[in-house]
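# Results of the structural survey
Letter by letter, the chains look like this.
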Amino acid sequence: QVRLVESGGGLVQAGGSLRLSCAASTRTLSGYAMGWFRQAPGKERAFVAAMTWSASDTFYADSVKGRFTMSRDNAKNTVYLQMNSLKVEDTAVYYCAADRLRSGWGYMRSNEYGYWGQGTQVTVSS
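How each quantity is defined
- Residues numbered from 1 in each chain as written.
- Predicted model: local features only at pLDDT ≥ 70, side-chain atom pairs only at ≥ 80, totals over all residues.
- Heavy atoms only, no water.
- Salt bridge = Lys/Arg side-chain N within 4 Å of Asp/Glu carboxyl O.
- Buried < 20%, exposed > 50% of the residue type's maximum accessible area, 1.4 Å probe, protein only.
- Helix = DSSP H or I, 4+ residues; strand = E, 2+ residues; numbered from the N terminus.
- Disulfide = S-S within 2.5 Å.
- Pairing = 2+ DSSP bridges.

### Quick word on the pattern of salt bridges
Evaluation of the coordinates by the stated rule reveals six salt bridges. Among the ionic pairs, R102 bridges to D99, the shortest N-O distance being 3.6 Å. A residue is classified by how much of its surface remains accessible, and D99, at 14% relative accessible area, is buried. Note that R102 is salt-bridged to E112, the shortest N-O span being 3.7 Å. Taken together, the residues span a long stretch of sequence, with R102 in the loop between β9 (92–100) and β10 (115–116) and E112 in the loop between β9 and β10 at a distance of ten residues. Taking relative accessible area as the criterion, E112 reaches 16% and is therefore assigned buried.

Structural data, given as structure tokens:
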């Protein structure tokens, strides 16, 4: 019954920054894993970043490592994706995802997550 709503997308020039937010409707995200994925036109949904809610262990795709930072606010039940040094190839619809954390969690696999937001568009211009 977890509902996720993304926000913060928009238009930005290459080299600029955006911060995406994902608000969760569930009472608590304790014990959950959270992920960010993106999908560009004609491409498969791709892993961007993930974290465990309680421990704040974070993982990033090689393509965004050093530029993107994932964080969370427990009081607001919200996860964030701070995106810096944006590139044109970062243009995509960005989705947040969640599911109960399990042993052997495959954080980079979209089918590991049962709950998804509607997505927010990020467009990076040159």
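### Describing the state of the cysteines
Inspection of every chain in the model, using the stated rule, returns one disulfide. One disulfide in the model links C22 with C96; its S-S distance is 1.9 Å. Of note, the bridge from C22 to C96 carries an S-S torsion of about 60° and is right-handed in sense. Of this pair, C22 sits in strand β3 (residues 18–24) while C96 sits in strand β9, placing them 74 residues apart in sequence. There is no split in this pair, since C22 and C96 are both buried.

### Focus on the pairing of strand β5 (residues 46–52)
Two faces belong to every sheet, and in a regular strand the side chains alternate between them. By the criterion of burial, β5 is predominantly enclosed, with six of the seven residues buried. Here strand β4 (residues 32–39) runs beside β5; their pairing, made up of six bridges, is antiparallel. Each bridged residue has a counterpart across the sheet, and for W36 the counterpart in β5 is A49. A loop of six residues connects β4 with β5, the two strands running antiparallel in sequence, and G42 in this loop sits at a positive phi of about 75°. Pairing of β5 with strand β6 (residues 58–60) involves three bridges; the strand directions are antiparallel. Note that in β6 the partner of M51 across the bridge is T58.

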